[in-house]
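Listed below are the residues making up each chain.
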Amino acid sequence: MSQLVPFAAQGAPATPGPVDLRSDTVTRPTPGMRAAMASAEVGDDVYAEDPTVNALEAEVAALFGHEAALFAPTGSMANQIAIQVLVPPGEELLCDADAHVVTYEIGAAAAIGGVSTRTWSPVGADLDPEVVAAMIRPDGYHAVPTRAIAVEQTHNRGGGGVIPLTALAELRRVADDAGIGLHCDGARIWHAHVADGVPLASYGELFDTLSVCLSKGLGAPAGSLVVGSAERIARARVIRKRMGGGMRQAGILAAAGRYALRQHVERLAEDHVRAARLAEALAPFGVLAGPVRTNIVPLDLTKCGFDAPELGAAARDRGVLVSVLGPRIARLVTHHDLDDAGVDRAVEVLTEIFRH
Ligand SMILES: Cc1ncc(COP(=O)(O)O)c(C=O)c1O
């Protein structure tokens, strides 16, 4: 007999859980998003015949002022596809030492793309284009030639910081002078757009490739896109297939993304206000690692009587989940599924913990 429980017998919806501040990826699709997914027109996307995927790709390309875009299952895959498009095996990518592409993608640039990476000291959003320029190595067989630079907007381990448009424009000049590529890990570029009011197309024109995520802050269950020229995206399509990222009736996911882009971008401002409220409440305890610009509140516990795992455990016991990123580093992230009552609860619990 089947062990599978029929849907109708699965019981009531889960009771409200803890206040989850670990990440903006913990969101669940809203009823409206689920309805959009359920009614999505689909086809086989490996044949480029899924009308909803095709529509999403065209919309996202247009938002960034580029010719084309490619739907990918995850932000990590979108980044690694873009890196492989810009950097041949045995050649080099430069990025911040805290960049997601070299911290949380499990060595993919080297393991999958054969790409060598070199990093500048972690500076979050305080990017200095001159420091990057000085690292670029020329062509030739004496050293690993630099082929591309990657930046992250907003900067995740940099506390959700926003790199100013002027610094990015300067970095573009640096890349042009050296004849190399420029990639943006724009998993949360929507947050930068909302925080600084910079049009997405203004970011788009500075980069050869961008990866953008629908599942971080925008509330979609999955999906990212690589954005670039038609020629680069054609190559990206081949690399995606090679990496096993060619999905079939992916329009069900793309529909969630299209819905998120229409409904959930401008509301990110609410997440930024909630993050600012958390920061304001915690500031008196001297635990903020830096200014809060978007939806991430970075915590540095070096001056505390307890470390990050202890904070994580104490908060969890009281129904608040925080992200532990290092022995003394923790992070709070606001998102679509967190309301003002959740922030109130988190403030109550965290201030009580820090007070003792
Ligand atoms: C800045 C950044 N880039 C890329 C990713 C990767 O996204 P995914 O988890 O979909 O692979 C993340 C994930 O949180 C991220 O924060």
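Worth saying up front: this structure is predicted, and the values here are computed from it rather than measured.

(A) Region of the structure containing empty space enclosed by the protein. What the rule picks out here adds up to one cavity of 30 Å³ or more. In this model, the largest cavity occupies a volume close to 50 Å³. As for the largest cavity, its lining consists of Asp 96, Ala 99, Trp 120, Gly 124, Leu 127, Ala 150, Val 151, Glu 152, His 155 and Ile 163. By residue number, the principal contributor to the lining of the largest cavity is strand 5 (residues 146-152), which donates three residues. Here the residues of the lining of the largest cavity sort into six nonpolar, two polar and two charged.

(B) Focus on the site of the ligand. Contacts to the ligand come from Thr 74, Gly 75, Ser 76, Asn 79, His 100, Glu 105, Glu 152, Asn 156, Asp 185, Ala 187, Arg 188 and Lys 216. In the model, an oxygen atom of the ligand is placed 2.8 Å from a nitrogen or oxygen of the Asn 156 side chain. Residue Asp 185 places a side-chain N or O atom 2.7 Å away from a nitrogen atom belonging to the ligand. Relative to its free-state accessible area of 390 Å², the ligand is covered by the protein chains to the extent of 83%. In terms of residue count, the dominant contributor to the shell around the ligand is helix 3 (residues 75-86) (three residues). A per-class count over the shell around the ligand returns one nonpolar, six polar and five charged.

(C) Inspection of the sheet that holds strand 2 (residues 68-72) at higher detail. Here we have seven strands laid out as an open sheet, ordered 2-8-7-6-5-3-4, and mixed in their pairing. Each end of this open sheet is capped by a strand with a single partner; those strands are strand 2 and strand 4 (116-120). Neighbouring strand axes in the sheet, compared pairwise and without regard to direction, differ in orientation by 20 degrees on average. Against the sheet, helix 7 (residues 165-178) touches strand 5 and strand 6 (181-186), its axis set at about 170 degrees to strand 5. Relative to the sheet, helix 10 (residues 230-242) contacts strand 2, strand 7 (209-213) and strand 8 (224-228), its axis offset from that of strand 2 by approximately 20 degrees.

Reading the values: rules and limits
- Residues numbered from 1 in each chain as written.
- Predicted model: local features only at pLDDT ≥ 70, side-chain atom pairs only at ≥ 80, totals over all residues.
- Heavy atoms only, no water.
- 1 Å grid on protein atoms, 1.4 Å probe; cavity = no way out; pocket = protein on both sides within 12 Å on 5 of 7 lines; lining within 4 Å.
- Points joined across faces, edges and corners; volume = space filled by probe spheres on them.
- Helix = DSSP H or I, 4+ residues; strand = E, 2+ residues; numbered from the N terminus.
- Nonpolar A, V, L, I, M, F, W, Y, C, P; charged D, E, K, R; others polar.
- Near = heavy atom within 4 Å.
- Polar contact = N/O pair within 3.5 Å; in protein donor to acceptor, adjacent residues only side chain to side chain.
- Areas by Shrake-Rupley, 256 points an atom, 1.4 Å probe, with all protein chains shown as cover.
- Pairing = 2+ DSSP bridges.
- Axes fitted to C-alpha atoms, helices over the stretch in contact; angles between N-to-C directions.
- Contact = heavy atoms within 4.5 Å.

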